[in-house]
Amino acid sequence: MFSATEAIAEAPRIKADSQCDRCRGTGVLFKKEDGRTLECVCVLKSKALHYLTPMYEHARYHKSVDPAEILKFNNVYFDTYSLTGFKSIVKSTLLNSGMRHTHISISGADVCSTLMNWKDEEQDAKIRALVRVNILIIYLVGDTWNPRSGENLKDFFTKRANENNTGFTWVYSENPIQGDKFKDKYQQLGAYLKIKFNAVAK
Amino acid sequence: MNLPTQAQPYLREIYGELLMDALSHPTPKKMREFKNHTLAIEAVDPMISRIFSWTYEFWAKYDEFVSLQTLQEEASLNRQAEAASLISAIRSSELAPLTNSAFMEGMERAKNLYVEQEVTRFQHMLSENMAKPVDPGQGGLIIPISDAMADLKRIYNFASGTSLSNSSLMISNAPPELRGRKLADQYAQIKLQRDQVEHSIHYQLPFPHFERMRFKPGNLTVIGGFTSHGKSILLRYICYLLITNYGLNCVFASLEMPHDEVKMLFMLLHGNNRQIFPDGVDLPTELFESGTLSEEQEDFLFNIVEPDFEGNERYGALFLEQPNADAQASRSFRLSDLQARVIELENSVMPVHAVFVDYLTLMDPVESEKSRSPAMDDYNLLFQRFKGFLLNHKGKSGSKRPLMGFTAAQISRDGLKEALKRDGYYDISAFGRYSEIEKSSDHLLTMLMTAEKKASGKVQLQHLKSRGGELVLDPHELHVALAYGMGLTELNSRTSDELITELQSIQL
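Bear in mind the structure is a predicted one, so any value in this text is a computation, not a measurement. (Residues numbered from 1 in each chain as written. Chains lettered and ligands numbered in written order. Predicted model: local features only at pLDDT ≥ 70, side-chain atom pairs only at ≥ 80, totals over all residues. Heavy atoms only, no water.)

Peer 1: Tell me about the state of the cysteines, and name the residues and values.
Peer 2: Evaluation of the coordinates by the stated rule reveals 0 disulfides over all chains. Free of any disulfide, Cys42(A) has its nearest cysteine sulfur in Cys23(A), 3.7 Å distant. Between Cys250(B), a cysteine without a disulfide, and Cys239(B), which holds the nearest cysteine sulfur, the sulfur-to-sulfur distance is 4.2 Å. (Disulfide = S-S within 2.5 Å.)

Peer 1: Give me the lowdown on the nonpolar core, citing residues and values where you can.
Peer 2: Core analysis: the biggest nonpolar cluster contains 90 residues, and Leu242(B), Leu338(B), Phe356(B), Phe386(B) and Leu488(B) have the highest contact counts within it. Sort the elements by how many residues they give to this core and helix 11 (residues 231–244) of chain B lands first, with 10 residues. Ranked by size, the runner-up nonpolar core spans 28 residues in total, among them Met55(A), Tyr77(A), Tyr172(A) and Leu499(B). (Core = buried A, V, L, I, M, F, W, Y, C linked by side-chain atoms within 4.5 Å. Buried < 20%, exposed > 50% of the residue type's maximum accessible area, 1.4 Å probe, protein only. Helix = DSSP H or I, 4+ residues; strand = E, 2+ residues; numbered from the N terminus.)

Peer 1: I'd love a proper account of the interface of chain A and chain B, names of residues and values included.
Peer 2: Contacts between the two partners involve 32 residues from chain A and, on the opposite side, 26 residues from chain B. Surface buried jointly by chain A and chain B totals about 2,700 Å² across both partners, of which 59% is contributed by carbon and sulfur atoms. Applying the counting criterion to the chain A and chain B interface returns 1 salt bridge. Joining chain A to chain B, the criterion identifies 7 residue pairs in polar contact (both at pLDDT 80 or more). The leading source of residues in the side of chain A that touches chain B is helix 1 (residues 41–57) of chain A, at 5 residues. (Contact = heavy atoms within 4.5 Å. Buried area = accessible area lost by both parts, 1.4 Å probe. Salt bridge = Lys/Arg side-chain N within 4 Å of Asp/Glu carboxyl O. Polar contact = N/O pair within 3.5 Å; in protein donor to acceptor, adjacent residues only side chain to side chain.)

Peer 1: Account for the confidence of the model for chain A, naming residues and giving values.
Peer 2: For chain A, per-residue confidence averages 82 on the pLDDT scale, and 88% of positions sit at 70 or higher. Taken together, the stretch residues 1–5 of chain A has pLDDT below 50 and engages in 16 contacts with residues farther than four places along the chain or on a different chain. (pLDDT = per-residue confidence, 0-100.)

Peer 1: Tell me about the sheet that holds strand 7 (residues 404–410) of chain B, and name the residues and values.
Peer 2: Residue and element names in this part refer to chain B. A sheet is described by the order of its strands in space; here 9 strands give the open sequence 5-4-6-7-3-8-9-10-11, paired in mixed fashion. Single-partner strands in this sheet number two, and they are strand 5 (318–321) and strand 11 (488–489). The sheet contact formed by strand 10 (residues 476–480) and strand 11 spans 2 bridges and is antiparallel. From the neighbouring strand, His-479 faces strand 11, where its bridge partner is Thr-489. Running at roughly 150 degrees to strand 4 (residues 250–254), helix 16 (residues 335–348) makes contact with strand 4, strand 5 and strand 6 (354–358) of the sheet. On top of the sheet, helix 17 (residues 376–391) reaches strand 3 (220–225), strand 6 and strand 7; it is set at about 165 degrees to strand 7, its chief contact. (Pairing = 2+ DSSP bridges. Axes fitted to C-alpha atoms, helices over the stretch in contact; angles between N-to-C directions.)

Peer 1: So what about the pattern of salt bridges? Which residues, and what values?
Peer 2: Residue and element names in this part refer to chain B. Enumeration over the complete set of coordinates arrives at 17 salt bridges over all chains. Of the charged contacts, one joins Lys-453 and Glu-477 as a salt bridge, the two residues approaching to 2.7 Å between their closest N and O atoms. Of the two residues, Lys-453 is situated in helix 20 (residues 451–455) and Glu-477 in strand 10; the sequence distance between them amounts to 24 residues. Exposure remark for Lys-453: the relative accessible area of 15% places this residue in the buried category.

Peer 1: Describe a negative patch on the surface, and please don't skip the residues or the numbers.
Peer 2: All names here are of chain B. Together, Glu-295, Glu-296, Glu-298 and Asp-299 give the surface a local cluster of negative charge. Mapped onto the elements, Glu-296 comes out in helix 14 (residues 295–311). Owing to a relative accessible area of 54%, Glu-296 belongs among the exposed residues under this scheme. (Patch = residues over 30% accessible without salt bridge, like charges linked within 9 Å, V, L, I, M, F, W, Y side chains within 5 Å. Areas by Shrake-Rupley, 256 points an atom, 1.4 Å probe, with all protein chains shown as cover. Lys, Arg positive; Asp, Glu negative; His and termini not counted. Charge placed at Lys NZ, Arg CZ, Asp CG, Glu CD.)

Peer 1: Describe the environment of Leu382(B), listing the residues and the values that go with them.
Peer 2: Residues and elements named next belong to chain B. Along the polypeptide, Leu-382 turns up in helix 17. Between the alpha carbons of Leu-382 and Leu-335 there is a distance of 7.6 Å; along the sequence they are 47 residues apart. If sequence neighbours within four positions are ignored, Leu-382 has contacts with Leu-335, Leu-360, Met-363 and Pro-365.

Peer 1: Could you give me a rundown of the packing of aromatic side chains, with the residues and numbers involved?
Peer 2: Inspection of every chain in the model, using the stated rule, returns 19 aromatic pairs over all chains. An angle of 15 degrees between the planes, with centres 5.7 Å apart, marks the rings of Phe207(B) and Tyr237(B) as stacked. Taken together, the positions of Phe207(B) in the loop between strand 1 (203–204) and strand 2 (214–215) and Tyr237(B) in helix 11 put the pair 30 residues apart, joining distant regions of the chain. Across the pair, Tyr237(B) and Phe207(B) agree in class, each one buried. An aromatic cluster of three or more residues is present, and its members are Phe86(A), Tyr139(A), Phe168(A), Trp170(A) and Tyr172(A). (Phe/Tyr/Trp six-rings, centres within 6.5 Å; stacked < 30°, edge-to-face > 60°.)

Peer 1: With reference to specific residues and values, describe helix 5 (residues 121–132) of chain A.
Peer 2: All names here are of chain A. With 12 residues, helix 5 should reach 16 Å at 1.5 Å per residue; the first-to-last C-alpha distance of 16 Å fits that figure. Among the residues of helix 5, those classed as buried are Gln-123, Ile-127, Ala-129, Leu-130 and Val-131. Packing partners of the buried residues in helix 5 comprise strand 4 (103–107), helix 4 (108–116), strand 5 (135–140) and helix 6 (149–163). (Expected span 1.5 Å × (residues − 1).)

What follows is the structure, given as structure tokens:
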């Protein structure tokens, strides 16, 4: 369900739509008004879909979402909306920022597993990507119980905060952060993040 | 032409600026544009119009832009012509053979004769035209003696075909004729040359990241790349650009592709140029090649695009040369053949400004009739001779007028592998096979079009060498309209607001 591939707007294999009415497959548009040559909207659309990843492709796009209200960098943001609603907010934030931020969506279990298997170069590259990405979206959904999950995630949040002070971390949990179910699974993680990062919980 | 009186001073200022611009940075396009406004300029300021017309005629006649120095010399030409006949008489009769002292004596006599003649002419002119008493002492057309002397010396040098002397006696009381050229004059010439270099004519690519890269007459540009990575596309595109944007006449020698195919690509490139034909019909290469163009496309291509490319007076002319369709036979095409073709065109058809060879190593580098296999040094020599040909080219008037030269060079698979290891950055050593490419070229460019880039219609252009100019440090991606005549564009970016508005308008 979750992909740890870093999504950026400049994807290499974006092709123009050969049926596009505007560019007729050339991928470019000449603007008579100002003499500029721009990428056609069909290419832009493909880029946007590539950027969003299949995870957010079908989520609803709210044009009124203001990303500046959400993206407070070097912060951790908690959400406990419905999963569909959360994805919709993420999609709208990414698009309304003009696709300028790289993003990765990953489950809490995958973050822990990556940290615990930190042995080879491949894992090392994954950790680096998780640390340096602009927006990291962690889904604490359906994770199996592991007594070390809370500690591992605490270590990871500290590492990301130390090495990437402009990154934004967005955590989605199906359980309220202060609730017993969350505490049972992740011990003191919620309290730690609230104190350490002044995490906003909704 | 009637113009509102109050508008004239402003127009005069504008036309004055245009004239200065046309004279200080002349290009054929500017000349033609200025020419189109001759009537309007004449109405505003006849003087500007006369200066321009004279410059234009000079350019049209000799295909050279007149320099300020030439303007000054030309202004005194009439006086010199008359004095020349006097000098000629002196040389051929009493004072031959000339010695320095005899020359000085002759000059003195010529000067007197010349001044006398000028005074007579001046008197005659005034009495004839103005019917007024004449006082030669009031100046007017009378040339000061020292100026007359200088003119006569120049004429003497010209008539004798040799410079008087390059020696100079460096003591303060030496006679002027033995002192040689003043240091201040020498320096003034250096400054003039410096200014000419700074403002010399140059041509540039219309890609935002490459606009500081300048092609100048005499420059050799070599485009490198692995096979099918877009070298010929860039060669054709630059050629097309010089013809349509700058009005230059180009010779394109295609040693690799058939003549008809290259001609078709030039026409489709033109027809799909939406800056020239904003409302034109798209012309896909595939439909042309399969003979399935619609009636509308046929009409647009044959009745609008082709006549415009061949007949628009703002454009230069293209001479497309394909020595022989047979690849084996094309090896026998030599640089001397190309030179002969260019000279023939220059003398009988049109002045040539740029030569494109696609590509040089397909020529036979051995000029000798004795057959022998070409060695590596022969190819190096070929690049050297091509550069020499560009630099030493002479116009129809016999004066030096360097050409711009463009060619392509194959980069090996190893060179490509090395570049791919470095995120697509080519190193200058990729041209290592022929060392002379690196030495003789003024610009080295590379094209990189991997299968991945090709699929998305992208090609990467890199600038590796710039002699005496700015180097574009990083490679940049261009869009190539592969299916529509292969035009190249560097896309402009949308502003952040434009991008967001555009995204919000798409069904996402």
